[in-house]
Amino acid sequence: MRSRYFVTGTSLLIGSVVVTLGVIMSPVLTGVQQTNQTNLAKTSSTQYGPLTGADRDFVVKVRLAGLWEYPVGELALKKGTTAAVKTAGEHLIVGHAQLDDASRDIAPKLGITLPNKPTPQQQGFLDTLTAATGKNFDSQMAQILRITHGQIFSSIAKIRATSKNTLVRQLATQANNTVLDHITQMENTGMVDYERLPAQITSTPTQGPNFTKPVMPKPGEPMVVLKKPASLEGKGEPPTASPPAPVDDAPGSSASPTTPGATSSPSAPTVP
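Since this is a predicted model, take the numbers as computed values, not measurements. (Residues numbered from 1 in each chain as written. Predicted model: local features only at pLDDT ≥ 70, side-chain atom pairs only at ≥ 80, totals over all residues. Heavy atoms only, no water.)

## Quick look at the overall build of the chain
Alright, step 1. A count of helices and strands for the chain gives eight helices and two strands.
Alright, step 2. Burial statistics for the chain: of 272 residues in total, 50% are counted as buried. (Helix = DSSP H or I, 4+ residues; strand = E, 2+ residues; numbered from the N terminus. Buried < 20%, exposed > 50% of the residue type's maximum accessible area, 1.4 Å probe, protein only.)

Spelled out as structure tokens, the structure:
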């Protein structure tokens, strides 16, 4: 299956393992540039509860993650040399198809515009993995995806713990479950270099802010949809959280209406 949004080329000149690892040594691995505190502090009222700038940023990050990790999953199915790598690819595709469905569902309800393309940084990851072959592909995929998922994991927890918006908390619950599953799948490949993870996650990037800035669609541009292929029915499902996390326990918030199906999926609460 070929993605509609797949972008070729290596205009970012990310074509080697050395450069790739330099790029992924970034605290902004989810693809959204660090927003100033004024924008993050902006809060609007919705029928689902207050919506902060951090809430909006999170919904966009979930969308961006799928725009590059879904095609990485496709690459894993085509180029992976082990069963574990191919299984990880299935989980990337299915998990991000479910998260994409959820983010596209709640975005218009919250007045959030979603991007249609990965950021330049994310496209660099994708270009690198597109060029890699054999065991080199396997090891680079496992390391890059383990780093990016590990980076966003704590951010999801923070949103889940602090957001007063019901739909955002539901999405964070689902994203937490999916990202943990993807971390586990990368580790199951046996190719994660744990010794290098701390440095790669915490190092400072050298690229400018546009490197991680989302590109918003032009007016009238069709929405890109990440769909779960029929061939993966029954495969790649993240485990259902047990017990399921509550979605209406934010301090100081009152019960807010929810929309059935906003984050539903066959077996997960359906997000780097």
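Text resumes after the structure shown.
## Topic: the packing of aromatic side chains
Alright, step 1. For the structure on display, the rule yields one aromatic pair.
Alright, step 2. Aromatic pair Trp68 and Phe125: ring centres 5.0 Å apart, planes at 50°, arrangement tilted. One end of the pair, Trp68, is in helix H3 (residues 53-79); the other, Phe125, is in helix H5 (residues 120-131), with 57 residues separating them in the sequence. There is no split in this pair, since Trp68 and Phe125 are both buried. (Phe/Tyr/Trp six-rings, centres within 6.5 Å; stacked < 30°, edge-to-face > 60°.)

## Notes on helix H6 (residues 134-162)
Alright, step 1. For H6, with 29 residues, the first-to-last C-alpha span of 43 Å sits near the 42 Å given by 1.5 Å per residue.
Alright, step 2. In the structure, H6 departs most strongly from a straight axis at Phe153, where the bend amounts to approximately 25°. (Expected span 1.5 Å × (residues − 1). Bend = angle between axes of the 7 residues up to and from the residue.)

## Observations concerning the nonpolar core
Alright, step 1. Core analysis: the biggest nonpolar cluster contains 32 residues, and Phe58, Val59, Leu110, Ile112, Ile156, Val168 and Leu171 have the highest contact counts within it.
Alright, step 2. Contributions of two or more residues to this core are made by H3, helix H4 (83-110), H6 and helix H7 (166-188).
Alright, step 3. No other element matches H4, which puts eight residues into this core. (Core = buried A, V, L, I, M, F, W, Y, C linked by side-chain atoms within 4.5 Å.)

## Some thoughts on the pattern of salt bridges
Note that side chains of opposite charge can pair when their charged atoms are close.
Alright, step 1. According to the stated counting rule, one finds eight salt bridges in the structure shown.
Alright, step 2. Its salt-bridge partner being Asp105, residue Lys109 comes within 2.9 Å of it at the nearest N-O pair. Separated by four residues within a single helix, Lys109 and Asp105 lie in helix H4, roughly one turn from each other.
Alright, step 3. Since its relative accessible area comes to 28%, Lys109 is described here as partly exposed.
Alright, step 4. Between Glu237 and Lys228 there is a salt bridge; the shortest N-O distance is 2.8 Å.
Alright, step 5. Connected through shared salt-bridge partners, Arg63, Asp100, Asp101 and Arg104 make up one network. (Salt bridge = Lys/Arg side-chain N within 4 Å of Asp/Glu carboxyl O.)

## Observations regarding the confidence of the model for the chain
Alright, step 1. The share of residues in the chain with pLDDT of 70 or more is 69%, and the mean pLDDT across the chain is 77.
Alright, step 2. No element of the chain has a lower mean pLDDT than helix H1 (residues 17-23), which averages 42, and none a higher one than H4, which averages 97.
Alright, step 3. Long-range and interchain partners of residues 1-39, a stretch whose pLDDT sits below 50, account for 108 contacts in this model, where long-range means more than four residues apart. (pLDDT = per-residue confidence, 0-100. Contact = heavy atoms within 4.5 Å.)

## Quick word on the packing of H3 against H6
Alright, step 1. Direction vectors running N to C along H3 and H6 enclose 160°, while the axes themselves pass 12 Å from each other. The angle between the axes of H3 and H6 places the two elements in the roughly antiparallel class. Like other packed secondary-structure pairs, H3 and H6 cross with a definite hand, here left-handed. Of H6, the residues touching H3 (which contributes Ala54, Asp55, Phe58, Lys61, Trp68, Glu69, Val72, Leu75, Ala76 and Lys79) are Phe137, Asp138, Met141, Ile144, Leu145, Thr148, His149, Ile152, Ile156 and Ile159.
Alright, step 2. Taken together, the residues of the contact of H3 with H6 break down into 13 nonpolar, two polar and five charged. (Axes fitted to C-alpha atoms, helices over the stretch in contact; angles between N-to-C directions. Parallel < 35°, antiparallel > 145°, perpendicular 65-115°, else oblique. Left-handed = near helix turned anticlockwise from the far one by under 90°. Nonpolar A, V, L, I, M, F, W, Y, C, P; charged D, E, K, R; others polar.)

## Observations regarding the environment of Arg63
Alright, step 1. Counting through the fold element by element, Arg63 comes out in helix H3.
Alright, step 2. Accessibility expressed as a relative area gives 0% for Arg63, which makes it buried.
Alright, step 3. For the pair formed by Arg63 and Leu114, sequence separation is 51 residues and the distance between their alpha carbons is 6.9 Å.
Alright, step 4. The contact partners of Arg63, leaving out residues within four places of it in the chain, are Asp100, Ser103, Arg104, Leu114, Pro115, Asn116, Met223 and Val224.

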